[in-house]
Amino acid sequence: QVQLVESGGGLVQAGGSLRLSCAASGRSFSSYVIGWFRQAPGKEREFVASTRWSGYYADFVEGRFTISRDNAKNTVYLQMNSLKPEDTAVYSCAAAAPRPTTRGPYSRQYEYDYWGQGTQVTVSS
């Protein structure tokens, strides 16, 4: 069992930065793939980034976000720079137990086993 708690969201002006944190409890954290997803009002939840390989990102990230992990702290971070109003959403992290049959970037929601509650990110123009 893994529990995830996100933090670091807030209100920021366009062009600003935020660093989201995803703190996990449970053993074997380092073996899990961690993903970040977001859901804007009236829209479906979408993939943002995963720790797969050296970091895998959705196309809309365009080099603005960086995912990293500190296994000693059981924490994954999402550094978000050059934020845009369209980045406004609830950001959630998720954990996926590694599966030998999964070779892709873990960009699909069904690939994840555990989810956090989310943290609100609001970018003003």
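The structure we're discussing is the one just above.
Residues numbered from 1 in each chain as written. Predicted model: local features only at pLDDT ≥ 70, side-chain atom pairs only at ≥ 80, totals over all residues. Heavy atoms only, no water.

A. Up close: the sheet that holds strand S3 (residues 18-25). Spatially, the 4 strands line up as an open sheet ordered S1-S3-S8-S7, and their pairing is antiparallel. Both outer strands of the open sheet, strand S1 (3-7) and strand S7 (65-70), are each paired with one neighbouring strand and no more. Across the sheet, the mean angle separating the axes of adjacent strands is 15° when strand polarity is ignored. Across 6 bridges, the pairing between S7 and strand S8 (residues 75-80) is antiparallel. When the sheet's bridge partners are listed, Phe 65 is paired in S8 with Met 80. (Pairing = 2+ DSSP bridges. Helix = DSSP H or I, 4+ residues; strand = E, 2+ residues; numbered from the N terminus. Axes fitted to C-alpha atoms, helices over the stretch in contact; angles between N-to-C directions.)

B. Main features of the side chain of Ser 92. By the secondary structure assignment, Ser 92 is in strand S9 (residues 89-96). If we ignore the near neighbours within four places in the chain, the residues touching Ser 92 are Glu 6, Gly 35, Trp 36, Phe 37, Trp 115, Gly 116, Gln 117 and Gly 118. (Contact = heavy atoms within 4.5 Å.)

C. Broad picture of the pairing of strand S11 (residues 119-124). Burial along S11 is one-sided: Thr 119, Val 121 and Val 123 are buried, and none of Gln 120, Thr 122 and Ser 124, which face the opposite way, are. The sheet contact formed by strand S2 (residues 10-13) and S11 spans 4 bridges and is parallel. By the bridge assignment, Gly 10 is partnered in S11 with Val 121. Where S9 lies against S11, 3 bridges are found, and the strand directions are antiparallel. (Buried < 20%, exposed > 50% of the residue type's maximum accessible area, 1.4 Å probe, protein only.)

D. Representation of the nonpolar core in the model. Among the nonpolar cores identified, the biggest contains 35 residues, and Ile 34, Trp 36, Val 48, Leu 78, Met 80 and Tyr 91 are the most heavily contacted of them. Every element with two or more residues in this core is listed here: S3, strand S4 (33-39), strand S5 (46-50), S7, S8, S9 and S11. At 6 residues, S9 tops the list of elements feeding residues into this core. (Core = buried A, V, L, I, M, F, W, Y, C linked by side-chain atoms within 4.5 Å.)

E. Layout of the pairing of S5. Burial of S5 is extensive: 4 of the 5 residues sit out of reach of the surface. In terms of strand pairing, S4 meets S5 through 4 bridges, oriented antiparallel. In the strand pairing of S5, Trp 36 is matched with Ala 49. Inspection of the sheet shows S5 paired to strand S6 (residues 56-57) by 2 bridges, in the antiparallel sense. Bridging from a neighbouring strand, Ser 50 pairs with Tyr 56 of S6.

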